[in-house]
Amino acid sequence: MKLTKFTHACVRLQKDSQVLVIDPGTFSESGEALAGAHAVLITHEHADHVDADAVVEALKGNPGLQVHAPSGVASQLAAKAGDDGGRVHAVEPGASFEAGGFAVRSFGGQHALIHPQIPVVANIGYLVDENVFHPGDSFVVPDGIDVKTLLVPIHAPWSKVGEVVDFVISVRAPKAYPVHDGLLNELGRGLVEAHVTRIGAKYGTSYARLSPRESVEV
């Protein structure tokens, strides 16, 4: 399976001729990521994780596209796209389903707390093909599984470096790559990644940076 990172939180997975996109948001090259996709997974409603206009355009232009998202996001996208054919699906935690030829399991339930005066929204983490885990905006550790490839939100308004490191060493995936890095400059990125790389290695996790549009085999 080929994993391609786009800016910030979006990744594109390709297996044979099948393409799955996770979190094509407004900070990302969403149109490029969605081109030719068979399925889309959305973790939560924040715009940096779902570019609603781009997803709706993709739904209208690609009759075979299927979208999976928390219920509130799914309802909004279905209404905007005029979808009455069941191509936009609501996802709850603890589900297992097929999306564009990929096996998907869902975890979590809510977004990490930003501030008590900012409402907490639904957030779903996705495990794809028992391999790649995208947590969205949450450090909830998926239970009962061995993650092979972890996508790490390395910077966010809701996190601190210690929490990022604790998430990595709690999941203990052999490989980890960054997401949610669109607000970092090189100084900040270097600081966070140095801690994740050094401490993660003690617990068996090899962390590597990916630039936008860079791909790896996972």
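Rules behind the numbers
Residues numbered from 1 in each chain as written. Predicted model: local features only at pLDDT ≥ 70, side-chain atom pairs only at ≥ 80, totals over all residues. Heavy atoms only, no water. Helix = DSSP H or I, 4+ residues; strand = E, 2+ residues; numbered from the N terminus. Polar contact = N/O pair within 3.5 Å; in protein donor to acceptor, adjacent residues only side chain to side chain. Contact = heavy atoms within 4.5 Å. Core = buried A, V, L, I, M, F, W, Y, C linked by side-chain atoms within 4.5 Å. Buried < 20%, exposed > 50% of the residue type's maximum accessible area, 1.4 Å probe, protein only. Pairing = 2+ DSSP bridges. Axes fitted to C-alpha atoms, helices over the stretch in contact; angles between N-to-C directions. Phe/Tyr/Trp six-rings, centres within 6.5 Å; stacked < 30°, edge-to-face > 60°. Lys NZ or Arg CZ within 6 Å of the ring centre and 35° of its normal.

1. A few points about the side chain of Thr 43
1) Next: Mapped onto the fold, Thr 43 is located in the loop between β4 (39-41) and α2 (52-61).
2) Next: Among the polar contacts listed, one links the side chain of Thr 43 to the side chain of His 44, at a separation of 2.9 Å.
3) Next: Beyond its immediate sequence surroundings of up to four residues, Thr 43 is in contact with Asp 23, His 49, Pro 70, Ala 122, Asn 123, Ile 124, Tyr 126, His 134 and Gly 136.

2. Concerning the nonpolar core
1) Next: Formed by 25 residues in total, the largest nonpolar core has its most connected members in Val 21, Ile 42, Val 67 and Leu 77.
2) Next: At the level of elements, β3 (18-22), α1 (30-34), α2, β5 (66-69) and α3 (71-81) are the ones that each hand at least two residues to this core.
3) Next: With 6 residues, α2 is the single largest residue contributor to this core.
4) Next: Excluding its chain neighbours within four sequence positions, the residues that come into contact with Ile 42 are Asp 23, His 49, Val 50, Val 67, His 68, Ala 69, Pro 70, Val 73, Leu 77 and Tyr 126.
5) Next: Judged by nonpolar contacts, the second largest core, of 24 residues, contains Phe 107, Val 147, Phe 167 and Ala 173.

3. Notes on the sheet that holds strand β11 (residues 149-153)
1) Next: The sheet built from 7 strands is open, its strands ordered β7-β8-β9-β10-β11-β12-β13 with mixed pairing. Both outer strands of the open sheet, β7 (96-99) and β13 (206-207), are each paired with one neighbouring strand and no more.
2) Next: On top of the sheet, helix α4 (residues 161-171) reaches β10 (132-134) and β11; it is set at about 165° to β11, its chief contact.

4. Focus on the packing of aromatic side chains
1) Next: If you walk through the whole model with that rule in mind, you get 3 aromatic pairs.
2) Next: With 6.0 Å between their ring centres and 80° between their planes, Phe 107 and Phe 133 make a pair best called edge-to-face. Highlighted residues: Phe 107 in strand β8 (residues 102-110) and Phe 133 in strand β10, separated in sequence by 26 residues. The pair formed by Phe 107 and Phe 133 is uniform in burial state, with each residue classed as buried.
3) Next: Each residue in the set Phe 139, Trp 158 and Phe 167 is aromatic and connected to the rest through ring pairs, giving one cluster.
4) Next: One cation-aromatic arrangement involves Lys 15 over Phe 102; the distance from NZ or CZ to the ring centre is 4.7 Å.

5. A few points about the sheet that holds strand β14 (residues 215-217)
1) Next: With mixed pairing, the 7 strands of this open sheet are ordered in space as β6-β5-β4-β3-β2-β1-β14. Because the sheet does not close on itself, it has two edges, and the strands there are β6 (88-90) and β14. Taking each pair of neighbouring strands and ignoring which way they run, the sheet shows an average axis angle of 20°.
2) Next: Here β3 pairs with β4 via 3 bridges, running parallel.

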